[in-house]
Protein chains: 4
Amino acid sequence: MRLRVLADSTIPIYEQIVSQVVFAIAAGDVSSGELVPSVRDLSQQLLVNPNTVARAFQELERAGILESRRGLGMAVTAEAPKLCAGRRKEIVRGHVRDALRAAAAAGLSAPDVHELVDDEWPRLAPRNGRAESSR
Amino acid sequence: MRLRVLADSTIPIYEQIVSQVVFAIAAGDVSSGELVPSVRDLSQQLLVNPNTVARAFQELERAGILESRRGLGMAVTAEAPKLCAGRRKEIVRGHVRDALRAAAAAGLSAPDVHELVDDEWPRLAPRNGRAESSR
Amino acid sequence: MRLRVLADSTIPIYEQIVSQVVFAIAAGDVSSGELVPSVRDLSQQLLVNPNTVARAFQELERAGILESRRGLGMAVTAEAPKLCAGRRKEIVRGHVRDALRAAAAAGLSAPDVHELVDDEWPRLAPRNGRAESSR
Amino acid sequence: MRLRVLADSTIPIYEQIVSQVVFAIAAGDVSSGELVPSVRDLSQQLLVNPNTVARAFQELERAGILESRRGLGMAVTAEAPKLCAGRRKEIVRGHVRDALRAAAAAGLSAPDVHELVDDEWPRLAPRNGRAESSR
DNA sequence: GTGGTCTAGACCACG
DNA sequence: GTGGTCTAGACCACG
């Protein structure tokens, strides 16, 4: 499981970690029962304070996605894949909703938004497989 | 100029005010030279701390969209319509970019995002002119 | 709202704060819409680090019991009284269940447990109103 | 001596092991001079880290309940039955005291607690001899 | 080794 | 003024 955080994002680091763990599990990168990297390892890998990672893990535990195996670390729960699939959808949906609210308030139409999406998508990451896709 | 503020939104209130003033000017609801409501009036109308309105106005002044008329209040500048048209675009584009970033991190494709947009758009506000639109 | 924490308890301080806020709301000491003491005030009153109080508030917020009023502080939600009544019951029930599990594993009977309760109850606090009560 | 450990309990595993050995001896399931299962055997039987079992045995040794027989393993001491009878009582009493503290903090009365006990006792384990008992 | 709690204190956004 | 995030680092229980 390879994570990345952007220190200068407006999104808190611990929340970025939460999302990325959710995405990794939803994508099947980590399976139920597997241990995620330890707080210490992950904090070194991400160049982030251990407390920040611990906070992300705590949230994931309360969400039923991780469970602590005493003395071993944090493991992916049996329900995690299902929970993460749903959560992934909701995270993205929330951001889309925000964008649409702004677009509507600005007086744009649905086609306007679609145009913006097609305009911005290719500019995102270096290579996003299906970025230039269809439509 | 009629503004609305969502107290429970994750978007800061002052930023909501800024955006709505920008949108109102870009839409031609308020014209160059017209006065906007006073900090006091607007804060009462929106049930919001006067400091919050003041901060929004300050930001609009720094952006060259509003200018203070001594003894009268804040007025829409001559350049405001042009500035607001551009800014409106950037505000929306910024939110769209956020949504795309989340979508990409979640492993979605461009078509997935378009689907989400079509899914969410009709659910927005009660009345959104072209909400049931085309495509 | 007057809270007390026991620094030497095995129960984490932040959890003690959570429970006591829940109990105070369930008891009607604080009502929906009221602000609870600020993180800073409470941390001074309890002689505890502000972070510890903040963590308790965070939990209460995620539980839907408190909500942050931006710039003002944390307020008791409309649903809090109902939530707290239920939660209070579950907190106590959990402790009772623990005790019964131990009692059963030790081979005690229900009457044995009742006897223990009557034996221990009066020894609790200095004065507990109905402590010497009935039965 | 048949022990059971609940991996998801909030009570540390080593403490569960200590309690169950104490209860078994107090109940006369194992007698003075008898050997208890080896750390290795017990850890395999309970699916638990050997260190955890070792720690439990260490504690039981310090309490004078077990003593090591060089080359043979750990044996129940002569004083164990008496010690365990007392300790069993204190273990249960401690849990009861915890429950009462929570109940008192929640504003419950002694009758309330008795009611909770009668409510929860039958729900405990499948077979608890006198669970449906009297009162 | 693992995570959990807590302190101390900085810095920030918001109002 | 308010809460939110983050760092740094100590200490502890558990395994």
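As annotated in an unreviewed UniProt entry, chain A is Transcriptional regulator, GntR family from Fimbriiglobus ruber.

Caption draft 1: Here's a closer look at the protein's contact with DNA strand E. In the region of DNA strand E, 26 residues are neighbours, and Pro12 and Thr52 of chain B together with Ile13, Asn51 and Thr52 of chain C sit closest. Near-protein atoms of DNA strand E (within 4 Å) split between backbone and bases, with sugar and phosphate holding 67%. Asn49 of chain B is positioned such that a nitrogen or oxygen atom in its side chain is 3.3 Å from a sugar or linking oxygen of DNA strand E. Separating a phosphate oxygen of DNA strand E from a side-chain N or O atom of Tyr14 of chain C is a distance of 2.9 Å. For the surface near DNA strand E, the elements supplying multiple residues, two or more each, are helix 2 (39-46), helix 3 (50-62) and strand 2 (73-76) of chain A, helix 1 (13-26) and helix 3 (50-62) of chain B together with helix 1 (13-26) and helix 3 (50-62) of chain C. A per-class count over the surface near DNA strand E returns 10 nonpolar, 11 polar and five charged.

Caption draft 2: Looking closely at the relation of the copies chain A and chain B. Between chain A and chain B, which share one sequence, the superposing operator has a rotation angle of 178 degrees and an axial displacement of 0.3 Å; the RMSD is 0.6 Å. What the rotation and shift describe, once combined, is the action of a two-fold rotation axis. A symmetric contact is evident, with 95% of the interface residues of chain A recurring at the interface of chain B.

Caption draft 3: Local environment of the protein's contact with DNA strand F. Neighbouring DNA strand F are 26 residues, the closest being Ile13, Asn51 and Thr52 of chain A together with Pro12 and Thr52 of chain D. Of what DNA strand F places within 4 Å of the protein, 65% of the atoms are sugar or phosphate. The separation between a base nitrogen of DNA strand F and a polar side-chain atom of Asn51 of chain A is 2.6 Å. For DNA strand F, a phosphate oxygen lies 3.5 Å from a polar atom in the side chain of Arg55 of chain D. Within the residue set of the surface near DNA strand F, elements represented by two or more residues are helix 1 (13-26) and helix 3 of chain A, helix 2 (39-46), helix 3 and strand 2 (73-76) of chain C together with helix 1 (13-26) and helix 3 (50-62) of chain D. Class assignment for the residues of the surface near DNA strand F results in 10 nonpolar, 11 polar and five charged.

Caption draft 4: A look at the pattern of salt bridges. Under the criterion given, the structure shown has 36 salt bridges over all chains. The closest approach of N and O atoms between Glu120 of chain B and Arg93 of chain A, which form a salt bridge, is 2.3 Å. Highlighted residues: Glu120 of chain B in helix 5 (residues 110-120) and Arg93 of chain A in helix 4 (residues 80-105), drawn from two different chains. A single burial state applies to Glu120 of chain B and to Arg93 of chain A, both of which are buried. The residue Arg93 of chain B makes a salt bridge to Glu90 of chain B at a minimum N-O spacing of 3.7 Å. Here Glu90 of chain B and Arg93 of chain B lie together in helix 4 (residues 80-105), a separation of three residues that amounts to about one turn.

Thresholds, definitions, all that
Residues numbered from 1 in each chain as written. Chains lettered and ligands numbered in written order. Predicted model: local features only at pLDDT ≥ 70, side-chain atom pairs only at ≥ 80, totals over all residues. Heavy atoms only, no water. Near = heavy atom within 4 Å. Polar contact = N/O pair within 3.5 Å; in protein donor to acceptor, adjacent residues only side chain to side chain. Helix = DSSP H or I, 4+ residues; strand = E, 2+ residues; numbered from the N terminus. Nonpolar A, V, L, I, M, F, W, Y, C, P; charged D, E, K, R; others polar. Least-squares fit on C-alpha atoms with pLDDT ≥ 70 in both. Contact = heavy atoms within 4.5 Å. Salt bridge = Lys/Arg side-chain N within 4 Å of Asp/Glu carboxyl O. Buried < 20%, exposed > 50% of the residue type's maximum accessible area, 1.4 Å probe, protein only.

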